[in-house]
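Take a look at the letters that make up each chain.
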Amino acid sequence: MNKKTVRDVDVKGKRVLVRCDFNVPMKDGVITDENRIIGALPTIKYLMEQGAKVVLCSHMGKPHSIFSAEVKLNKKDKKKVESGETTAEAIIEKAKKDEPKKLTLAPVAKRLNELLDGKVAFATDVVGNDAAAKVAACKNGECVLLENLRFHWEEEGKELEFCKKLASYCDVYVNDAFGTAHRSHASTAAIVEYGLVKTAVCGFLIEKELSVMADSLEHPVRPFVAILGGAKVADKLNVISNLLEKCDTLIIGGGMSYTFIKAQGGTVGTSLVDDEKIDYCKDMIKKAKDMGKELLLPVDTVVTKAFPDPIDAPVEIKTVESKAIPDDCMGMDIGEKTRKLFADKVKSAKTVIWNGPMGVFENPMLAKGTIAVAEALAEAKGATTIVGGGDSAAACTQLGFADKITHISTGGGASLELFEGKVLPGIACLNDK
Ligand code: AMP
């Protein structure tokens, strides 16, 4: 890690803007998983103890940029408008009514205030009068949390004036939002890229995420096993290719495995297949062979006749050979033999990284493969085990294995981009050591 961290700068009496990832899951205004808040505490506490005036900012969800003139419709909304189901105006009116309540960071501020001895104030806007007043009133060793950055389209639009306003709150910028470090937005990179804050360093969370993941990728203790799952091959093209170069064994399960199985000449019934990527899969199979790497695919598969609706509805299942899935069946999870095959490989490894479920794990009857992999990681003695965020991280946490795994990343997308070998803009922009 060649980037400066909060330890490398003097923050006493200074105003420090910290980009956090407080995008926590919420239900009816109640935080249902506070992992990301807990993950941000070491940096915040350190800065407070050092006597900084700490200004925290984050996004929450995907609002329609309701505080600004420019409103963006997402893909789902655009489809609804195109199909005549509703109008853009109606969507915006609804967003203006619902989102200030639904996507406010106020519950996060309340929880942070409890965790930090009542030293956290909440600004009800981002670049308005309340934020300016609360930042000005912030004393050394205290905190202010600004409202949801994405209430302004300028956050994702990297708008210069918005960046200038954010920069006016601080002498030092700290990025500790690993979950959004792969995004180049106003608060994650542009504020520094535009030269508006000269001192820009990372927090402890980013430092930890990087040191564990980048280190394991670059200098793995071998054997190094990488496991990829999830829905689509197309989403993980570069990850597959890059990991194949780094690991000794690449395990592919989940929806993406059927395109590989078809590429090998198997029949996959109605399973998820990306026909356009068959040639890519053939290339990867050849690449593995040429490089002397092991590429493991499922040997047996749990199938159903139809996709469960709703997703967690009971289903009739049977197990078949992966390369001979009947025409009227779809592959939904890895079978028992595959679970053992994958688990044994994981348990004999010294470095393991995992991203993506092995099946439609949202359904308890189709979750055995994902659970088996999580369990194997938890049982891999003496190995560095890394879970790259998202669904696989949630599975490990829900199963109670979190403390048996070396590192569970707080960023699904960001960790995948690291696995791809990409440079993350939120980290690249920070001061070098
Ligand atoms: P991703 O976002 O690419 O990591 O994919 C996660 C999603 O993949 C989950 O919602 C799973 O239900 C889905 N998935 C995993 N295996 C399969 C499968 N065999 N068929 C369809 N979807 C799957």
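Conventions used here
- Counting restarts for each chain: residues are numbered from 1 in the order of the written sequence.
- Predicted model: local features are reported for residues with pLDDT of at least 70 only, side-chain atom pairs are reported and counted for 80 or more only, and whole-chain, interface and lining totals are derived from all residues.
- As a rule here, side-chain values come from all non-hydrogen atoms in the structure, and water together with hydrogens is ignored.
- Cavity: a set of points on a 1 Å grid over the protein atoms alone where a 1.4 Å probe fits but cannot get out. Pocket: an open set with protein on both sides within 12 Å along at least five of seven lines, its lining residues, like those of a cavity, having an atom within 4 Å of a point.
- Grid points are joined across faces, edges and corners, and a volume is the space filled by probe spheres set on the points.
- Whether a residue is near a molecule or strand depends on its heavy atoms: if one lies within 4 Å, it is near.
- N or O atoms closer than or at 3.5 Å make up a polar contact, with two conditions inside protein: a donor-capable atom paired with an acceptor-capable one, and, for residues adjacent in sequence, both atoms drawn from side chains.
- Methods summary: accessible areas were calculated by the Shrake-Rupley approach with a probe of 1.4 Å, and residue burial reflects only the protein chains presented.
- Under the scheme applied, nonpolar residues are Ala, Val, Leu, Ile, Met, Phe, Trp, Tyr, Cys and Pro; charged residues are Asp, Glu, Lys and Arg; polar residues are all the others, including Gly.
- Take the buried residues of types Ala, Val, Leu, Ile, Met, Phe, Trp, Tyr and Cys, join any two whose side-chain atoms come within 4.5 Å, and each joined set is a nonpolar core.
- Exposed residues in this analysis have more than 50% of their type's maximum accessible area, buried residues have under 20%, and partly exposed residues fall in between, with area computed by a 1.4 Å probe over protein chains only.
- Throughout the structure description, domain borders are defined by an automatic or database domain assignment.
- We call two residues in contact when some of their heavy atoms are within 4.5 Å.
- Numbering of helices and strands runs from the N terminus; a helix is a DSSP stretch of H or I covering at least four residues, while a strand is a stretch of E covering at least two.
- Any two strands with at least two DSSP-identified bridges between them are counted as paired.
- Axes here refer to lines fitted to C-alpha atoms; in helices the fit is confined to the stretch in contact. Angles between the N-to-C directions go from 0 to 180 degrees.
- Centre distance within 6.5 Å is the pairing criterion for rings of Phe, Tyr and Trp, where only the six-membered ring of Trp is used; planes under 30 degrees apart are then read as stacked, over 60 as edge-to-face, and the remainder as tilted.

A. How the structure looks around empty space enclosed by the protein. The final tally for this structure, using the stated rule, is one cavity of 30 Å³ or more. As a volume, the largest cavity reaches approximately 60 Å³. Considering the residues around the largest cavity, the lining is formed by C20, D21, R36, A40, D176, A177, F178, G179, L205 and T410.

B. Just the site of the ligand, in detail. As a structural note, the neighbourhood of the ligand is formed by 15 residues, with A231, G255, G331, G359 and E362 the closest of them. A231 is positioned with one of its backbone polar atoms (N or O) 3.0 Å from an oxygen atom of the ligand. E362 places a side-chain nitrogen or oxygen 2.4 Å from an oxygen atom of the ligand. In isolation the ligand offers 500 Å² of accessible surface; the protein chains occlude 79% of this area. Across the shell around the ligand, the residue classes break down as seven nonpolar, five polar and three charged.

C. Looking closely at the nonpolar core. Ranked by size, the top nonpolar core spans 65 residues in total, and within it L146, L166, I240, L243, L250 and F260 carry the most contacts. When we break this core down by domain, the ones giving at least three residues each are domain 1 (6-63 + 103-209) and domain 2 (220-400). With near-sequence residues (within four places) excluded, L243 lies in contact with L217, A226, L228, L250, I353 and F419. Counting residues in hydrophobic clusters, the runner-up holds 37 residues, among them Y46, A109, F122 and V174.

D. View of the domain arrangement of the chain. According to the domain assignment, the chain contains domain 1 (6-63 + 103-209) and domain 2 (220-400). Distance from the C-alpha centre of domain 1 to the C-alpha centre of domain 2: 37 Å.

E. Molecular detail of the environment of A402. Mapped onto the fold, A402 is located in the loop between helix 15 (390-398) and strand 19 (407-408). Not counting chain neighbours up to four residues away, the residues in contact with A402 comprise C396, T397 and I408.

F. Structural context of the sheet that holds strand 16 (residues 330-334). The strand order across the open sheet formed by three strands is 14-13-16, and the pairing between neighbours is antiparallel. Each of the sheet's edge strands pairs with one partner strand only, and the pair in question is strand 14 (318-321) and strand 16. On average, each strand axis in the sheet is inclined to that of its neighbour by 50°, with strand direction left out of account.

G. Just the sheet that holds strand 17 (residues 351-355), in detail. Taken in spatial order, the six strands make up an open sheet running 12-10-9-17-18-19, and their pairing is parallel. Strand pairing shows two members of the sheet lacking a second neighbour, strand 12 (294-296) and strand 19, which therefore form its edges. Contacts between helix 14 (residues 368-379) and the sheet are confined to strand 9 (224-228), strand 17 and strand 18 (384-387), with strand 17 contributing the most and set at about 150° to the helix.

H. Molecular detail of the packing of aromatic side chains. For the coordinates displayed, the defined rule picks out one aromatic pair. Taken together, a centroid distance of 5.2 Å and an interplanar angle of 80° make the contact between Y46 and F204 edge-to-face. With Y46 in helix 1 (residues 35-49) and F204 in helix 9 (residues 204-218), the pair connects residues that are 158 residues apart, well separated along the chain.

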